[in-house]
Amino acid sequence: MDTIEYTKFSGQPAQRAAGLAQLGCASIDGRTRLRRLYQDGSAKIRLPAVSAGPLEAVLINTAGGLTGGDRLGWDVDVGANASAAITTQACEKVYRAASDRAEVSIKLTVGENGRIAWLPQETIVFDRAAFARTLDVELAAGAEALLVEATVFGRLAMGERAAHGNFHDRWRVRGNGSLIHAEDFRIGPDIAAILGRPAVAGGAIAVATLLLVSPRAEALLDPVREIIGDQGGASIWSVGTSGKLLARLYAEDGYQLRQRLVPLVGLLNGEAGLPKLWSL
């Protein structure tokens, strides 16, 4: 059963969803295999059968979305020489918050020479939503990571726009014990006005950040910039014996964002390509 907490506002009891899921995998006989799976509350993980390549995991929030007071946690541990690709069943929706804020915490740990691709589908933010997400990543020596988060502030096709609300996305990535990437993206309470600024998004409502930590990073910079075009940008840095490629892009709506996001993920994820659920 889903774990539910009860609070009161406006004189009525309100349901609060909570969930925590943990996944551990290891390299056994040259293949990545499940080592540990824990699920509690509204957080579920499904493992589609794959004949080769990385272990695939699909995250599911059975609460059907997030609103004020909801708490969700994902914890993924990829062992040495193992490889995993993590995606979501569908876009996560963050609805209007009557009180408090929805919170999602993500912890990714990758052992030596392991690899993780964190590839959730887009987060759709509704008007007057309140949301905070933390992404903490620990990479051992030789480990690689591809991290993607895309956010759409409203659904123009449905006549919806997230004009007001609060959104906070915090990333901390460590490689071999050292901090190699940190960022805090915070927008609100007047989301539409901020996105409308020329130096922010020029009125676009869909944004995405992609981070690749890999020795392949430098070689991919030019093709990444070609896909992004003039609505975004990409840069590279040296990180010890590895490299770091950071790309950001924006678009007028979620559909146009995905038109460039799909080939970008396919390029940066190498032979593993795009998660099947992204194409359904």
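For the structure itself, look to the data block above.
Residue positions within a chain follow its written sequence, with the count starting from 1. Given that the model is predicted, a residue must reach a pLDDT of at least 70 before its local features are reported, and side-chain atom pairs must reach 80 or more before they are shown or counted; all residues, however, enter totals for whole chains, interfaces and linings. Side-chain calculation: all heavy atoms of the structure are included, whereas hydrogens and water are not.

1. Focus on a nonpolar patch on the surface
- Together, L34, L37 and L47 make up an exposed nonpolar region whose accessible area comes to about 220 Å².
- Tracing the backbone shows L47 in the loop between β4 (43-46) and β5 (55-61). Each patch is built from residues that are more than 30% exposed by relative accessible area and take part in no salt bridge. Like charges join if they lie within 9 Å; nonpolar side chains (Val, Leu, Ile, Met, Phe, Trp, Tyr) join within 5 Å. Areas reported here follow the Shrake-Rupley algorithm with a probe of radius 1.4 Å; residue values treat only the protein chains shown as occluding. Each salt bridge in this description consists of a side-chain nitrogen of Lys or Arg and a carboxyl oxygen of Asp or Glu lying within 4 Å of one another. Counting from the N terminus, the helices are DSSP H or I runs at least four residues long and the strands are E runs at least two residues long.

2. Regarding helix α2 (residues 217-228)
- Given the number of residues in a helix, its expected span is that number minus one, multiplied by 1.5 Å. In a regular helix each residue adds 1.5 Å, so 12 residues correspond to 16 Å; α2 covers 16 Å between its end C-alpha atoms and thus fits that length.
- Those residues of α2 that fall on the buried side of the exposure criterion are A217, L220, L221, V224 and I228. The arc that holds the buried residues of α2, viewed along the axis, is 130°, so those residues lie on one side. For α2, the exposed residues set more than 90 degrees away from the buried face come down to A219, D222 and E226.
- We call two residues contacting when some pair of their heavy atoms lies within 4.5 Å. Along its buried surface, α2 packs onto β16 (206-213), β17 (232-239), β18 (242-251) and α3 (254-268).
- The positive-phi residue at the C-terminal boundary of α2 is G229, with phi of around 70°. The buried label applies to any residue whose accessible area, calculated with a 1.4 Å probe on protein chains only, is under 20% of its type's maximum; exposed applies above 50%, and partly exposed to all values in between. In this description, one arc is meant: the one made by directions from the helix axis to the C-beta atoms.

3. Comments concerning the pattern of salt bridges
- Scanning all chains against the criterion turns up 12 salt bridges.
- Put simply, D77 and R35 hold a salt bridge, and the shortest N to O gap is 3.5 Å. Highlighted residues: D77 in strand β6 (residues 71-78) and R35 in strand β3 (residues 31-41), separated in sequence by 42 residues.
- R170 is the partner of D136 in a salt bridge, and the nearest nitrogen-oxygen pair spans 3.6 Å. Placement of the pair is D136 in strand β12 (residues 129-139) and R170 in strand β14 (residues 165-175), with a sequence separation of 34 residues.
- One salt-bridge network, held together by shared partners, links R71, D100, R101 and E103.

4. A short note on unusual backbone geometry
- Note that the residue after G188, namely P189, is joined by a cis bond; omega there is 0°.
- Note that P189 resides in the loop between β15 (178-187) and α1 (191-195).
- Backbone geometry places D100, a non-glycine residue, at a positive phi of 60°.
- Among the structural elements, D100 can be located in the loop between β8 (92-94) and β9 (102-110).
- The backbone of N176 sits at a positive phi, close to 55°, despite the residue not being glycine.
- Locating N176 in the fold gives a position in the loop between β14 and β15.

5. Description of the environment of V207
- Structurally, V207 can be placed in strand β16.
- A relative accessible area of 18% means that V207 is categorised as buried.
- Separated by 12 residues in sequence, V207 and L195 have C-alpha atoms that sit 9.9 Å apart.

6. Regarding the packing of aromatic side chains
- Only rings of Phe, Tyr and Trp enter the pairing, Trp through its six-membered ring, and a pair is recorded when the two centres are within 6.5 Å. The plane angle decides the type: under 30 degrees is stacked, over 60 is edge-to-face, the rest tilted. By the definition in use, this model includes 4 aromatic pairs.
- Each member of the aromatic cluster is reached from another via a ring pair, and the members are F131, F153, F167 and F185.
- Look at NZ for Lys and CZ for Arg. If either is within 6 Å of the ring centre and within 35 degrees of the ring normal, a charge sits over the ring. One cation-aromatic arrangement involves K244 over W237; the distance from NZ or CZ to the ring centre is 4.7 Å.
- Over the face of the ring belonging to W278 we find R258, whose NZ or CZ atom lies 4.9 Å from the ring centre.

7. Here's the deal with the pairing of β15
- Whether two strands pair comes down to DSSP finding at least two bridges between them. Across 9 bridges, the pairing between β14 and β15 is antiparallel. Each bridged residue has a counterpart across the sheet, and for H168 the counterpart in β15 is R186.

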